[in-house]
Every structure is written in structure tokens, then in C-alpha cells.
6 protein chains.
Amino acid sequence: MEQTLFVINPNSTQAVTDAFDAALEPLRMAGGPRIQCLTLAEGPAGVQTQLDVESVTLPLAALVRKLDAEHGAAAAGYVIACFSDPGLHAVREATRKPVLGISECGMLTALTLGQRVGVIAILRQSLPRHGRMFGAIGLSGRVAAELPLDLGVVELSDEARTRERLLHVGARLRDEHQADVLVLGCAGMAAYRGWLQAELGLPVVEPTQAAAAMAIGRIRLNWHGA
Amino acid sequence: MEQTLFVINPNSTQAVTDAFDAALEPLRMAGGPRIQCLTLAEGPAGVQTQLDVESVTLPLAALVRKLDAEHGAAAAGYVIACFSDPGLHAVREATRKPVLGISECGMLTALTLGQRVGVIAILRQSLPRHGRMFGAIGLSGRVAAELPLDLGVVELSDEARTRERLLHVGARLRDEHQADVLVLGCAGMAAYRGWLQAELGLPVVEPTQAAAAMAIGRIRLNWHGA
Amino acid sequence: MEQTLFVINPNSTQAVTDAFDAALEPLRMAGGPRIQCLTLAEGPAGVQTQLDVESVTLPLAALVRKLDAEHGAAAAGYVIACFSDPGLHAVREATRKPVLGISECGMLTALTLGQRVGVIAILRQSLPRHGRMFGAIGLSGRVAAELPLDLGVVELSDEARTRERLLHVGARLRDEHQADVLVLGCAGMAAYRGWLQAELGLPVVEPTQAAAAMAIGRIRLNWHGA
Amino acid sequence: MEQTLFVINPNSTQAVTDAFDAALEPLRMAGGPRIQCLTLAEGPAGVQTQLDVESVTLPLAALVRKLDAEHGAAAAGYVIACFSDPGLHAVREATRKPVLGISECGMLTALTLGQRVGVIAILRQSLPRHGRMFGAIGLSGRVAAELPLDLGVVELSDEARTRERLLHVGARLRDEHQADVLVLGCAGMAAYRGWLQAELGLPVVEPTQAAAAMAIGRIRLNWHGA
Amino acid sequence: MEQTLFVINPNSTQAVTDAFDAALEPLRMAGGPRIQCLTLAEGPAGVQTQLDVESVTLPLAALVRKLDAEHGAAAAGYVIACFSDPGLHAVREATRKPVLGISECGMLTALTLGQRVGVIAILRQSLPRHGRMFGAIGLSGRVAAELPLDLGVVELSDEARTRERLLHVGARLRDEHQADVLVLGCAGMAAYRGWLQAELGLPVVEPTQAAAAMAIGRIRLNWHGA
Amino acid sequence: MEQTLFVINPNSTQAVTDAFDAALEPLRMAGGPRIQCLTLAEGPAGVQTQLDVESVTLPLAALVRKLDAEHGAAAAGYVIACFSDPGLHAVREATRKPVLGISECGMLTALTLGQRVGVIAILRQSLPRHGRMFGAIGLSGRVAAELPLDLGVVELSDEARTRERLLHVGARLRDEHQADVLVLGCAGMAAYRGWLQAELGLPVVEPTQAAAAMAIGRIRLNWHGA
């Protein structure tokens, strides 16, 4: 039986899904689970507020229950591909399959690549929400700082502008906050990872890739919660 | 204009609402805000899982928006009366009025009454969820331990059984974990507060009272978020 | 019987007492406790050093014992209105009534208004003392930074100069340290709270107001230590 | 070019290598890296002391350099399969390939399966060493407790005795320390993972499997340090 | 010029002073500072409450100022020999000479002897006070637990009873809380240090000795605060 | 019998040994232990990488065993004089005599001189390694920041350049990170301590002196591990 890892974009912007779909290509191995990327139809265009987060938790749980029902054991695991890890613990109750969040896994993976983690957010208003997550995971002491790009949707589609801001913010994290590893605090920026790492001379973690990698392990090992 | 503090029970069990309504009586002051206790019609019978938590967040936000719309400035503030603080940060986005959670305020108030906080939960399965909250607030270092009563709904309605368990768990927190202040990790146990405090010789915090007290201050001072 | 909350200024500068007396006006409710502000005659002109702190602890305890003796149950609670919380735990031993400190309550209240707390001190030399307090309360992990105004007594009476420094330091806390809520680290600056909040776009906590609000709740609920 | 992940047992006991070799079988995927398990010839029979740890660090670095030289890019990554993560950061300097430690990865993976991590060590004398590691990773706040099996080599080969101790220690971690996920603090106990999880009703992490899973992701994504 | 280190007992019980005077004998070196032990005349019989702490802070500062005035540079440093470190930071303002506290130095020294520190207090009521100190120093994460002997003054003079309790409490710290180093949380128990260490098989720190040792270094190096 | 404290430079640069040998002169007291400074012949010219650290751990243990064997009880204690504390815990297993590390003791001593510790490293690449140590000791919360001098060996021998960088980095730690005590993160900079303290107006800790002072206490008190 072929197993599938579903990587779900909680926002409804297909371009984001497409971006991480491409970025997950190296994790598609002949003998490993299929990786299927989905876009949550009910999601907002972007998850920018706590209300956006809350608006997708039950739809995510419902989608996962539906996939479980349709695919049975072939639905082997789930990744929630939004850096706010919306509904992570609720979805874990909705299925016995492995469920991983990209914020959680991005941060955990960063701990294996450096000592002081710098996080690059899109929007300033996300910082408190992320701060609560880092506290809940118990990793606040490893976060050098989180700084925002302060880019709106239109600017984000301007690649030159985005690169400029990534460089600026990444350099601040490195030089003012002594970060020695960076995490992209967003599901849609995989295309910049290698470039940013080369420019700054610091390892850069793309969290959707980090989460999918851990999920494949959990699937292959058949590790469910108890 | 008379101001009202709305204290909302996110579960649909009117008996819980009635219990904290009575417990809030001392906070109803002639010159202070009215305190009106509401039961969320859409809520589950009890908030026991993360899915229960998620199921009430948008209804809570909708209710608060509706109260704001109906009452205007007379709707002066909100308390979410469930120890999982469901939707706390989402509701804060839904209104500019003060919004406080009973878990948050119960824990913060406990810090002024003792050094090592012991928390009494109803169910074991709530411990990880509460642990994430304590981490998010940054208070994990002040929590001596949290232990569950392990009481189901039927047993909770048996007052003698509940007292027996409160005493047992409270004494373990005091004697094995060196707690010197206790927090009741539930909105519906106000009736036991004074008795438990006297029995154990430790201050006991009832979190709905703690939150309503802080909310009255915020209302009177007209402190909104920025 | 009418109950009184005594808010005690441990320094002997009446202007500071007058300032927070005015700021507490909104907390005087018809059915609530009276709020009486007192100046500690034995106090120094300002509490600037640890020796200043120590010089007021026993006088504070003596004053509280005297007020308890004179007023009996009508003396319903006490707030120590100095951001170093001098004698807080000693005064708690001197009376069974609620005793709250403005540093403690200002910080705890800030946790309900933001994720990263920036503190504005008057003098640089107070930072280590405040740092010990934040550590003792277990909140260091929530403090983004504390920065001093570096203003002496004369300069503090220059309102324009004070506003200039408050803006400068508050902006540094927001922009360099990512604070999203500020606490005024002094009992005498209530008059600037609303203005600073509006200027910086961040919630600003005035700690004497925060402490008096929590004390009223404790009084009305009749919550003593055990 | 076929890539190989080398999983190196720093002690010289082939039975331990064989045990995790078998446990890694599910992670051998057609399109993924080969997984080859090696035993460090120079290693002690078991890594029980800090001197044992130090005795293998340079040999591990030398072995990794040798494998890099022999295999070039086909040597795709390394796992150090000892719960003391000996030489982890030194080996990371010896190669640009991904290098992961099983203690680090076992703990990080546990954070995705529960809130309070209980760790089962073989020997009491390892606890301080592990405590230093947890502190260095910044995860001490997530560790509910670590308790030793107190089993010597002979007893460890007695499967019935080992099961008895695993159950006893695991139950203490769950019941006295409120752990909700367990980590096996040793590379050689994979055979007990599923059984212990079923017996205790808690997820149990086998750290060599956890590390190999993360390493495969790093290899496929071609994520080196910067 | 001969230099003197003054070790001051803030309580007025000469027997305690005599006990640590004897215990400091090995630190009296021909070429090192004299060590003179003093009893604070104004002190209470024992420092058991926060009010006791506060009652000695100004007398300690006054005594230190008097010794400085009388002896000039020959008064080379000060140790405050009470596990509550009363007035430590105030006395540091009263003199430019090194001033060390036994709680602080006992805990810091313990960190060099083990990973998890168990503290033995005399009285249960001291635990919150000590907890605040450990938080202020930032060491709470290294404290496995603190447990009280629960011995009153009369019982403390009963050596057999004291030994029995030390053994019981020390064993609980070792066996239930995994402490691997112990600190005697009191200035007057030096006579039991070696015996307790031998009985329990854990290093035991006597804090007055620890502080005097560090003070001698500071004196010899002529390290004042800046 | 005359006792000797051996202070061992794990790198092979005699000039470093000579520098701290001179700096330890004040700790040589008539009645105290001799202090003999040694250079590890096998050491690298400088300990700059984790591989450098690992390269000296076994030689250090061997040297200590040899000294123990040659001198018996006259070999009274050991200090490892490199800010990476190489082999500290391994050497503690190799002898029952006191063994102290300069990083550990420098940081602990700094806690008695200020609240926020700024650390001055030589090289940027040492920061993650030091960060792991601070985490392992549990002191990360007390570290304001660590910043590098970014000086290579040649520049370090340029005294004017070194002073310039010390001033610059020390001022950044004080002004941008609110450090109120500094630690020199290197064994070879004792000659700058007093000068830097005077220039910056902050206490500055020289870690080899700090460690030797604590070691003398341990030797005189005859405190071994248990």
C-alpha cells in the first residue's frame, strides 16, 4: 500500500502551496511516502492574525478527518504548513497519524544547526503570536531574536524587494543579535533559502522542508502518539 | 452610562456559569461595572480537549463582536471563564475592550500569594495543554506541579468525592512538590476555595474571581491595548 | 463598615503621592474600598539605592501595623507604591491583609497586554536591583529590556525634557528590543501614561494603578494569605 | 550516485550496533540514502563515563574524515549513536556533511510527541552528563525528570530484568513526574520501544531512529551548515 | 599592613558564630587575611522571617561602615553569614570592599560540585524566601529541590535528632529529586558537613566556608566593584 | 606537607601561561598552597575550535593522573586555564582532587559582581561553544551578551589594537546590552583587567584568577567530590 504524507497549506493562496510543493521535491523518494500538497479552501488569503489562525483550526481538523476516512491507512501523516502552527494540537486529536507543524519542526531543526536562532517573520504583528509558541515549546531561551520583514502581500511578490529585506533583516539578526542560524518564519519562502544562506554565511532553515523531513521519519517508523 | 463586564462561560453547562456568577458577587460594587455572566450556547458541555478549545474560539469572538455591537461603550470588558483560555488572543483582536483569561489571571494572581504554584486540574489530559499555556506566558519556572483530580462529570457532581480528591491532590502539591499557593484549574469550583484554603493552610486562587477583579481595574482605568 | 485601601509612598516626596493619588481616582468606586494615599514620613526624598530600599522596610512595616491597630478591619489592604517593592514580603508578615507591590503588579499586568515587556527606569543604577526582582518573580524571560531615562530629580521636574526622554527610551525598547508593552518603572509618572501609549502605539502600564486595581479585587474577595 | 548515511556506534559492542541496524530498517527507502551502521573499533565496551566520552571524540572525527575521503560526496551524512552525543560538535567541524546526535534528536523529536519529557538512563552516573547536555541544548525546562535503570551490563542482557526495570522507571516518570512522553536514553534499546509504549500508554522515542530520520531529511535537502 | 576578612553573623546567637569560626580555621593562612568572626549585637536570636531579615540590614550596613572607619584598608572584606543573605546588596553600597553572601556563594560553589543542587533548610517558612533569592541569582533551573528539616531551636540543639533529620531530608533530595550535590541552608551546621557527605555519598557544601574562600580570593586580588 | 595547586594551560603557548602565572602572584600566600603553572605540551597553539578542545581532554586527564602519581597528596588541586573548560568533567573523573574550570569560575564569580554579565570572546567562532557551556551551567539567563574581539593571533600581540578592541566591545556590552559586569573570555588577558575596569566603570573578571581563588578554598577546606 502506498502511503501519502499530506502537507496542508492553511491559507488559500495556491502560489504558496505551489512554492513548497516544489521545495519538497527532494523529499520524494521512490520507497518513501508520496507527498501531496493541499490548499485549505476555507483558509484566508494569508494567516496574519490570531483570528486567521482560529478560522482554520476546525477546517484543518475536518480536512484531516476526511482524508483519514477516504484514504484509511494510506493517509500516513500530516504537516500543517503555516508558521503559526494553527490547530496543531487539535489536529493531533483528530487523527492517530503523525501530525507536525512547520514552526515547531523548523525551530527544532535549527537547534541542530546553530546555537542562537534568529527568526525572520513577514509581519511585525506576528511576533507576539510566535513568541507565545516559542514559549509553549520551551525554546525561548534559544531564540536570539525575531525580526519582521514588514512586507505586505504586494511587496512580497516583488522578488527584488523581498531579497533586499531578507538580507537586511538577516544581517541584523546575525550582527546585532548574534544569531548563528536563521529560520524563515513563513511557509512560502523556500526559493530564497539557499541564496540567503550563501549571502549571509549562516545556515538557513526552511520550515516546511524541515517538517516534511521529520514527518517522513515518523511515517516510516510507524510512530503514532500513544 | 452603566458599564458591563461580561464573563463568558465557553462551555454550555449553565451550572458552571451559575457557580461563578455567585462567586463574583463580592466584585459587584455600586460604582463599578455591572458583571453579567453568560453561557456560550455553542459550547460543548465541558472544555476537555484541544478540539473543544478550538470549537469555541470563533463563537466567542462572534459573541463578543455581537455584544460590542449591541452595547457599544457600555460593553466595557470581557472575561473568558475557562482555564484553557480558549480564543483569548483572537477575542483580543475582535474588540478593543479589555479581554482577560482566567488561566492567565489566576496564575498571575497566584504569583502575589506564594512562590511555588501548584495547579489542580480536573482531568489528566488537560495537563499538556495547560503546560503549553504556562510556557507561552513564561511562568513555567514558577509552577511547582500540576496534578489532576481525575474526576469525570458524574464524580464532579458528587461533592463529598470532589472534596476528598481536592484534599488529596492539594496535599500532594504541598508536601511532595513544595507548592505554597494553589490555583483551581477550572472555572466551576469557586465554592470549594475557602474551604480548601482552610484545610490545607495554603492560599487558594479561584481564577474566575482573579480575572474579573483584574478586568474591573482595566475597565475603570480605561486601559485598552494600544 | 467602610474599608480603606492604603497606598503608601515609601519616599517622602509629597508630589509623588499627589500624582498617584490623582491617578487612582478612577478606581474609587461608590461601593468599593476608599483609597487613601499616604507618604512615609521617614522615607528618603527618592528611593534610588538599595540602602534607600532598606531604610524604609521597617518603617513601612511599622506604619502598616499602626494602621491595622488604629483601623482594625477597616484597614482592608495595602499597596507599596515604589517600583523597587521595598519591604513587600516583610510587610506581608506584618499584617494578614492583602499587600501588593507596584513592581510586581505592574509587571504581571503587562503580561496581559503584550508578549515582550519593556521597562522604563529613571536611573541606570536601578537596573540591577530591578533585574533581581524580575528574577525573583520568575519573569526575566518576558522582559525584552529595561532602559533608563537617566534623569536626575531636577530634570524630572522638567516636563518637556521628561517627555523627550520617555519617547526616546520607549522607542528604543520598541524598535531595538521588540517590546510590545511598556511599564513605567516608577510611581510618579502616571500623568504620562496615556500620552506615551498614544505616541508609541504600544500599551503602557502605570504600576500604581495596576497594583491598586488588583488590591481592590483582593479586598472585595476577602483573599488573605493562608 | 548512491548516497550513504553512516550511523556510528561509538562503543565497540557490536550487539548494540546490530540492534540499531535492525531498528533502522524502516528508514531504508528505495530512493533514499543507504544506511550503513558502523562500530567504532577504538571505542570502549560502553560509554559510561565522561572519560569514555572523551576517549571517542577524536577517533570519531578521524573515522568521519576517513569516510569522507574514501567516499567523497557519496558519504552523505553521519549519526553519532550514543546518548551522550560524544564529539558531536567536533565532528561537525571535521566534515561539511550533516552530523546529528541521537541525544539531541531524540529529545527534539520527543517535543513533538508530548509536553513533559521523561528520560530513561541506564546508569545513575550518566544523569549529570545528560543534564549538562539538556542545558546546553536549552531544553531543561521541558524535561520532567530523568531516572536510571541502574542496570549493569550483565543485567542489561537479561531481557526479563530489563523489561521489569523499564516498566518500573517509566511508570515513575509518568506517575510521579507527570511525563507524557519518554525517551530511551541509550542507543541499544530499540527492541523495547513499541512494547514499552503499549504498556505505559505514553509515546516512547528511540533516539537512533529519531536521529537517522532527521539525517535523511538533511541529506535529501542537501542542507549543510553554512 | 595586615588585612582582615570580617565574617558577620547577623543573628545574635554566639554559638552560631563560634561554630563557623571553628569551621573557617583551615582558611586562615599565614600569608592570607585574618578572619575575624563577629556577632551582630542587634540581630534576632535567629533569622527566620523576612522581618528578621529586614531588621538586620541597616545594622549590618552600619557595622560595616564602622569597621571600615576604624580599620581603613585593613578591613579588607566582608561575609554576611546567614543563608538569607540579608542586606547583601545594601552593604555592597556601604563599602567599596568585597562583600559576599553565604547563600549566593554556597549555591555558586555547589554548581562546581554537581549538576542538580539540593538545599536543606531549617524551617519550611524559609523556602519561599530562598526561592526568591535563587530566582534573583538566576539559578532556579539548577535547584533540584529545597526541603526543610522542620526543626525548631530546641530540636536543633539535639544533635542526634538533627543528624536523623539531615539524613532523612538529604536522602529524599538525592532519591526523590535526583540531587547530586547538597547545600546546607544555614550558617550553623558546618560540624555536620563531612559526616553528611560521607553518609549520603554526595558532596555537601557548607556555605560560610564557601563564601569565606571566595572572599579571600577577592581580597588578595584586590577586586572591588567598579 | 606542602600542597600545590596546578594551573594548566591547555594550549602550548608559553606566553599565555606566563601571563596568568604573573596574574596569580597575589594568590600565592605563605600558608596557602603553592601555585604552579604548567603548559600542556600536546596542546595546540590556541584552543579555537571544538576539535582543539577535544584534542586536549585526554592529554589533560593524563597529565593530571601523572601529577597525582608523582606528587600524591601534595598535588592538591587543578585549574584548567582555558575559557572553553576543555575536559573539565573528564579530569574530575581522573582525580579525586578539586578540579575547576576558568569559564565556570569566571562566570560564577561575575554573578557576585553584577546582574547582567557581558562576555568578551577573542573569536566569533567561539560564541556557540561558549553558549553551550553557559547553558550547561544553567547561567544563560544571566548573560547579557557575548561579543567577540575578532582578533587573530597577530593582532592579539598588538597591545594597542587589543586595547582598542577591548574598549569597543566592552562599551557595546555595557551600552547596547546593559551588561554591568564583564568577563574576559580567555586565559591570557589578565594584564588588561584593571585597566579595562577603570576605563569602562564596570567590574571586570579575569577568569584564571577567579578559578585559582576558588580552588585554593577547596584545597584548604579539603573538599573533594563525594
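Predicted, not measured: the structure shown is a model, and the values here were computed from it.

**Describing the sheet that holds strand β2 (residues 34-39) of chain C**
Residue and element names in this part refer to chain C. Read across the sheet, four strands follow the order β2-β1-β3-β4 without closing on themselves; strand pairing throughout is parallel. At either end of the open sheet lies a strand with only one pairing partner, and these are β2 and β4 (99-101). On average, each strand axis in the sheet is tilted by 20° relative to the strand beside it, whichever way the strands run. Along the sheet, helix α1 (residues 14-23) makes contact with β1 (4-9) and β2, crossing β2 at roughly 165°. Packing against the sheet, helix α2 (residues 50-71) makes contact with β1, β2 and β3 (75-80), and its axis sits at approximately 165° to β3.

**Remarks on the pattern of salt bridges**
Where charged atoms from two side chains of opposite charge come close, those side chains can pair. Residues and elements named next belong to chain B. Applying the stated criterion across every chain, the model contains 72 salt bridges over all chains. Measuring nitrogen to oxygen at the nearest pair gives 3.0 Å for the salt bridge that ties R124 to D150. In this pair, R124 sits in the loop between β5 (117-121) and α5 (127-137) while D150 sits in the loop between β6 (143-148) and α6 (153-156), placing the two residues 26 residues apart along the sequence. Its relative accessible area of 35% is what places D150 among the partly exposed residues.

**Some details on the relation of the copies chain C and chain A**
Between chain C and chain A, the superposition needs a rotation of 120° and an axial shift of 0.0 Å, giving an RMSD of 0.0 Å. Read as a symmetry element, the transformation amounts to a three-fold axis. Closest to the rotation axis within chain C is the C-alpha of G141 of chain C, separated from it by 4.5 Å.

**Notes on the packing of aromatic side chains**
Here a ring pair, both rings aromatic, is described through the centre-centre distance and the interplanar angle of the planes. By the definition in use, this model includes twelve aromatic pairs over all chains. Ring centres of Y192 of chain C and W195 of chain C lie 6.4 Å apart, and the angle between their planes is 65°; on these two criteria the pair is classed as edge-to-face. A relative accessible area of 10% means that Y192 of chain C is categorised as buried. Looking at R163 of chain A, its charged tip hangs above the ring of W195 of chain A, at a distance of 4.6 Å from the centre.

**A closer look at the relation of the copies chain A and chain D**
You can overlay chain A on chain D at an RMSD of 0.0 Å; the transform is a turn of 180° with a shift of 0.0 Å along its axis. Taken together, the rotation and translation describe the operation of a two-fold axis.

**Re the domain arrangement of chain A**
A common way to express how large an interface is: the accessible area buried when the components associate. Residues and elements named next belong to chain A. Looking at the assigned domains, one finds that chain A contains domain 1 (4-101 + 208-221) and domain 2 (104-207). On a C-alpha basis, the centroid separation for the pair domain 1 and domain 2 is 21 Å. Contacts between the two partners involve 22 residues from domain 1, matched on the other side by 26 residues from domain 2. For the pair domain 1 and domain 2, the two sides together bury roughly 1700 Å², of which 55% comes from carbon and sulfur. Put simply, domain 1 and domain 2 have one salt bridge between them. Among the ionic pairs, E104 bridges to R92, the shortest N-O distance being 2.8 Å. Summed over the shared surface of domain 1 and domain 2, the number is 13 residue pairs in polar contact (both at pLDDT 80 or more). Elements represented by at least two residues in the side of domain 1 that touches domain 2 include exactly α1 (14-23), α2 (50-71), α3 (88-94), β4 (99-101) and α9 (207-221).

**So, the interface of chain A and chain D**
Counting from both sides, the interface comprises 44 residues of chain A and, opposite them, 44 residues of chain D. Between chain A and chain D, the buried area comes to about 3200 Å², and carbon and sulfur atoms account for 66% of it. Summed over the three residues of chain A that lose the most area to chain D, namely M29, T112 and W223 of chain A, the buried surface amounts to 21% of that side. Our count for the contact surface shared by chain A and chain D stands at zero salt bridges. Listing elements by their share of the side of chain A that touches chain D, those giving two or more residues are α4 (102-110), α5 (127-137), α8 (193-200) and α9 of chain A. For the side of chain A that touches chain D, the class distribution of residues is 23 nonpolar, 13 polar and eight charged.

**Thoughts on helix α9 (residues 207-221) of chain F**
In an α-helix, one full turn covers 3.6 residues, which means residues spaced three or four apart are oriented alike. All names here are of chain F. In this model α9 runs 21 Å from its N-terminal to its C-terminal C-alpha over 15 residues, within 8% of the 21 Å that 1.5 Å per residue would give. Across the 15 residues of α9, 14 count as buried, placing the element largely inside the fold. At the N-terminal boundary of α9, the capping side chain belongs to E206, with an oxygen 3.1 Å from the backbone nitrogen of T208.

**Topic: the interface of chain C and chain A**
Each partner contributes residues to the interface: chain C has five residues there, and chain A has nine residues. In total, about 470 Å² of surface goes out of reach between chain C and chain A, with carbon and sulfur atoms giving 49% of it. Linking chain C to chain A there are zero salt bridges. In this structure, the connection of chain C to chain A is made through zero residue pairs in polar contact (both at pLDDT 80 or more). Class assignment of the residues belonging to the side of chain C that touches chain A gives a composition of no nonpolar, two polar and three charged.

**Some points on unusual backbone geometry**
Residue and element names in this part refer to chain B. A positive phi is found at Q178, a non-glycine position, where the angle reads about 60°. Relative to the helices and strands, Q178 is located in the loop between α7 (159-175) and β7 (181-185). Accessibility expressed as a relative area gives 9% for Q178, which makes it buried.

**Description of the sheet that holds strand β1 (residues 4-9) of chain A**
Pairing between the strands of a sheet is mediated by backbone hydrogen bonds and can be parallel or antiparallel. Residues and elements named next belong to chain A. Strand order in the open sheet made by the four strands is β2-β1-β3-β4, with parallel pairing throughout. Each edge of the open sheet carries a strand with a single partner, namely β2 (34-39) and β4. Neighbouring strand axes in the sheet, compared pairwise and without regard to direction, differ in orientation by 20° on average. Note: β1 against β2, six bridges, orientation parallel. Among the inter-strand pairings, T4 is bridged to a residue of β2, identified as R34. Contacts between α2 and the sheet are confined to β1, β2 and β3 (75-80), with β3 contributing the most and set at about 165° to the helix.

**A look at the environment of L113 of chain F**
By the secondary structure assignment, L113 of chain F is in the loop between α4 (102-110) and β5 (117-121). Residues L113 of chain F and E70 of chain F lie 43 residues apart in sequence; the distance between their C-alpha atoms is 38 Å.

The rules behind the values
- All residue numbers refer to position in the chain's written sequence, counted from 1.
- Chains carry letters and ligands carry numbers; both start at the beginning, A for chains and 1 for ligands, and go up in the order they are written.
- Only residues with pLDDT of at least 70 get local features here, since the model is predicted, and only at 80 or more are side-chain atom pairs given and counted; chain-wide, interface and lining totals rely on the full set of residues.
- To get the side-chain values, take all heavy atoms of the structure and skip hydrogens and water.
- Any two strands with at least two DSSP bridges between them are considered paired.
- Going along the chain from the N terminus, every DSSP run of H or I of four or more residues is numbered as a helix, and every run of E of two or more is numbered as a strand.
- Structural elements are reduced to axes, namely lines fitted to C-alpha atoms, with helices fitted over the stretch in contact, and the angle between N-to-C directions of any two is expressed from 0 to 180 degrees.
- We call two residues in contact when some of their heavy atoms are within 4.5 Å.
- Within this document, salt bridges are pairs made up of a side-chain nitrogen of Lys or Arg and a carboxyl oxygen of Asp or Glu, the two lying within 4 Å of each other.
- Burial status follows relative accessibility: with a 1.4 Å probe on protein chains alone, a residue under 20% of its type maximum counts as buried, one over 50% as exposed, and anything between as partly exposed.
- Residues below a pLDDT of 70 in either copy are left out; the C-alpha atoms of the rest, at least 70 in both, set the least-squares superposition of the copies.
- Two rings from Phe, Tyr or Trp (for Trp, the six-membered ring) form a pair when their centres are within 6.5 Å of each other. A pair whose planes differ by under 30 degrees is stacked, one over 60 is edge-to-face, and the rest are tilted.
- Criterion for a charge above a ring: Lys NZ or Arg CZ within 6 Å of the ring centre, and within 35 degrees of the ring normal.
- Bear in mind that the domain bounds are from an automatic or database domain assignment.
- Here the buried area means the combined drop in accessible surface, using a 1.4 Å probe, for two parts upon being joined, counting both sides.
- A 3.5 Å cut-off defines polar contacts: any pair of N or O atoms within that distance qualifies, except that in protein one atom must be a possible hydrogen donor and the other a possible acceptor, and neighbouring residues in sequence count only when both atoms are side-chain atoms.
- Nonpolar residues are Ala, Val, Leu, Ile, Met, Phe, Trp, Tyr, Cys and Pro. Charged residues are Asp, Glu, Lys and Arg, and all others, Gly as well, are polar.
- Given a helix with a known number of residues, its expected span is that number minus one, times 1.5 Å.

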